[in-house]
Amino acid sequence: VQLQASGGGLVQAGGSLRLSCAASGRTVSSYTMGWFRQAPGKEREFVCFISWRDDTTYYAESVKGRFTISRDNAENMVYLQMTSLKPEDTAVYFCAAASISYSANYYSPSVYNYWGQGTQVTVSS
């Protein structure tokens, strides 16, 4: 599957953005889909994922209650709605796809097989 993330930009603190991840090649329903982010000088960190099995969603504590991941299987898209943005949310955001597994740790970037190119989100204070 090929992934392309978009929707990043510059926003003031407290604002909102919606990131999109367009998939091609295979349907997103065949994968657990995740979002990760990487700030300058830092490691890539988990943001959220939506399970292949039942669409259950999981979030990092730092974004819980502010971010929402969703998928549209008909459009083969995955979205990340971000609200109440903070300067510490500034990073390059990546969407990723992980193959079906009953035991994978989907919080880890290492289990994801496919990655989009990333989209920059900058939150000004």
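It should be emphasised that the depicted structure is a prediction, and the values quoted were computed from it without experimental measurement.

The rules behind the values
- Residues numbered from 1 in each chain as written.
- Predicted model: local features only at pLDDT ≥ 70, side-chain atom pairs only at ≥ 80, totals over all residues.
- Heavy atoms only, no water.
- Phe/Tyr/Trp six-rings, centres within 6.5 Å; stacked < 30°, edge-to-face > 60°.
- Helix = DSSP H or I, 4+ residues; strand = E, 2+ residues; numbered from the N terminus.
- Buried < 20%, exposed > 50% of the residue type's maximum accessible area, 1.4 Å probe, protein only.
- Lys NZ or Arg CZ within 6 Å of the ring centre and 35° of its normal.
- Salt bridge = Lys/Arg side-chain N within 4 Å of Asp/Glu carboxyl O.
- Disulfide = S-S within 2.5 Å.
- Contact = heavy atoms within 4.5 Å.
- Pairing = 2+ DSSP bridges.
- Axes fitted to C-alpha atoms, helices over the stretch in contact; angles between N-to-C directions.

Caption draft 1: Up close: the packing of aromatic side chains. Taken as a whole and judged by the stated rule, the model has 14 aromatic pairs. Ring geometry for Phe-36 versus Tyr-112: centroids 5.0 Å apart, planes at 75°, classification edge-to-face. With Phe-36 in strand β4 (residues 32–38) and Tyr-112 in the loop between β9 (91–98) and β10 (114–115), the pair connects residues that are 76 residues apart, well separated along the chain. Here Phe-36 matches Tyr-112 in class, with each residue buried. Through a chain of ring-to-ring contacts, three or more aromatic side chains come together here, namely Phe-36, Phe-46, Phe-49, Tyr-58, Phe-94, Tyr-106, Tyr-107, Tyr-112 and Trp-115. Of note, Arg-44 hangs over the ring of Phe-94, and the distance from its end group to the ring centre comes to 3.8 Å.

Caption draft 2: Inspection of the pattern of salt bridges at higher detail. The final tally for this structure, using the stated rule, is five salt bridges. Here Arg-71 ties to Asp-55 by a salt bridge, and the two come within 3.0 Å at their closest N and O atoms. Within this pair, whereas Arg-71 is found in strand β7 (residues 67–72), its partner Asp-55 is found in the loop between β5 (45–50) and β6 (57–59), the two being separated by 16 residues in sequence. Residue Asp-55 is classed as partly exposed on the basis of its relative accessible area of 38%.

Caption draft 3: Here's a closer look at the state of the cysteines. Taken as a whole and assessed by the stated rule, the structure comprises one disulfide. Disulfide partner of Cys-21: Cys-95, at an S-S distance of 2.1 Å. Classification of the bridge connecting Cys-21 and Cys-95 rests on its S-S torsion, roughly 65°, and on that basis the disulfide is right-handed. Of this pair, Cys-21 sits in strand β3 (residues 17–24) while Cys-95 sits in strand β9, and the two are 74 residues apart along the sequence. For the pair Cys-21 and Cys-95, one class covers both residues: buried. Free cysteine: Cys-48, not disulfide-bonded; nearest cysteine sulfur from Cys-95 at 11 Å. Given a relative accessible area of 0%, Cys-48 falls into the buried group.

Caption draft 4: Structural view of the environment of Tyr-58. Looking at where Tyr-58 falls in the secondary structure, it is placed in strand β6. Excluding its chain neighbours within four sequence positions, the residues that come into contact with Tyr-58 are Phe-46, Val-47, Cys-48, Phe-49 and Tyr-107.

Caption draft 5: Focus on the sheet that holds β3. A sheet is described by the order of its strands in space; here four strands give the open sequence β1-β3-β8-β7, paired in antiparallel fashion. Looking at the sheet topology across the chains shown, the edges are occupied by β1 (2–6) and β7. Within this sheet the neighbouring strands show an average axis-to-axis angle of 15°, counted without direction. With six bridges connecting them, β3 and strand β8 (residues 77–82) associate as antiparallel partners. Counted as the bridge partner of Ser-20 is Tyr-79 from β8.

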